[in-house]
Amino acid sequence: MDRTEGKTLRAESDLTVKQTIAWDALAREDIKEVLYGGAKGGGKSVFGCLWCYGKALEIIDTCGIERRKHPIPIGFMGRKRGVDFTNTTLETWKRFIPEAMYEIKGKPAEIIIADRVKILTGGLDNSEVINKFNSAEFAFFFIDQAEEVDREQIGELRATTRLIINEKKIPGKGLFTANPAPSFLKDEFILNPTANRIFIRALPTDNPYLGNEYIEVLRDSFKHRQELLKAFLE
């Protein structure tokens, strides 16, 4: 399959200001994981898809990966439930990533990029997906709506970030996106963060593509629940 050569993703032209801040944080050597989000409408899923695509292109370029019959697994994208990932996050990928640069195969879906590497996907509710983490070697992972998952499931995934390609160790990176909800993320990224983890808050007002109408819809929909409305907006 022929793929377009020389395509790159420019964060400064494709991302919002907050998304660019998160992108730059993930590029830092001292940062291993980023929690991005904290409110509805902050562009979380879009950012996650763009970042994973960008990481794939970066790895292809850095490691000099040529076209292969069997693309190299380099990362994982998922949600708590596989069906939710397929119906939401994967659809976001299809909307924002150039069609000429990838194909999707199998169930759970494998996203093959430029005939060189692939990103595995799925739900953390699937025991077969979790079992694959025992032997998997990834460079990165992206968990969408991460407030839905638990610490143990993430522990298995974190242990996979040990990928070496062409004798080059790829620095492991993790991206979590989340809406406000009780979870281990608050402890690890806000209350007691380690030096290599950072929280970047993204609000609907930070997303210029939403417009004022979306915020008014939120205000109207949750005006009877002011505490929840404040969480969604702030």
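Notes on the structure in this doc start here. Just so it is clear, the structure is predicted and the values come from calculations on it, not from any experiment.

Cut-offs used in this document
- Residues numbered from 1 in each chain as written.
- Predicted model: local features only at pLDDT ≥ 70, side-chain atom pairs only at ≥ 80, totals over all residues.
- Heavy atoms only, no water.
- Pairing = 2+ DSSP bridges.
- Helix = DSSP H or I, 4+ residues; strand = E, 2+ residues; numbered from the N terminus.
- Axes fitted to C-alpha atoms, helices over the stretch in contact; angles between N-to-C directions.
- Contact = heavy atoms within 4.5 Å.
- Buried < 20%, exposed > 50% of the residue type's maximum accessible area, 1.4 Å probe, protein only.

1. A closer look at the sheet that holds strand β10 (residues 197-201)
Consider a sheet: its strands pair through backbone hydrogen bonds, and that pairing is either parallel or antiparallel.
Step number 1: Spatial strand order, β3-β4-β5-β2-β6-β9-β1-β10: 8 strands in an open sheet with mixed pairing. Unpaired on one side and paired on the other, β3 (102-105) and β10 mark the two borders of the sheet. Across the sheet, the axes of successive neighbouring strands diverge by a mean angle of 20°, strand direction being ignored.
Step number 2: Of the strand pairs in this sheet, strand β2 (residues 72-79) and strand β5 (residues 117-123) are connected by 7 bridges, and their pairing is parallel. From the neighbouring strand, methionine 77 faces β5, where its bridge partner is threonine 121.
Step number 3: Across the sheet, helix α6 (residues 151-158) lies against β1 (33-37), β2, β6 (140-143), β9 (173-178) and β10, angled at about 155° from β6, the strand it touches most.

2. Some words on the pairing of β9
Step number 1: For β9, the buried fraction is high: 6 of the 6 residues fall into the buried class.
Step number 2: Across the two faces of β9 the burial is the same, with Lys173, Leu175 and Thr177 and Gly174, Phe176 and Ala178 all buried.
Step number 3: Sheet topology places β1 next to β9; 5 bridges connect them, and they run parallel. Within β9, the residue paired with glutamate 33 across the bridge is glycine 174.
Step number 4: Bridging between β6 and β9 involves 4 bridges; their strand directions are parallel. By the bridge assignment, phenylalanine 141 is partnered in β9 with glycine 174.

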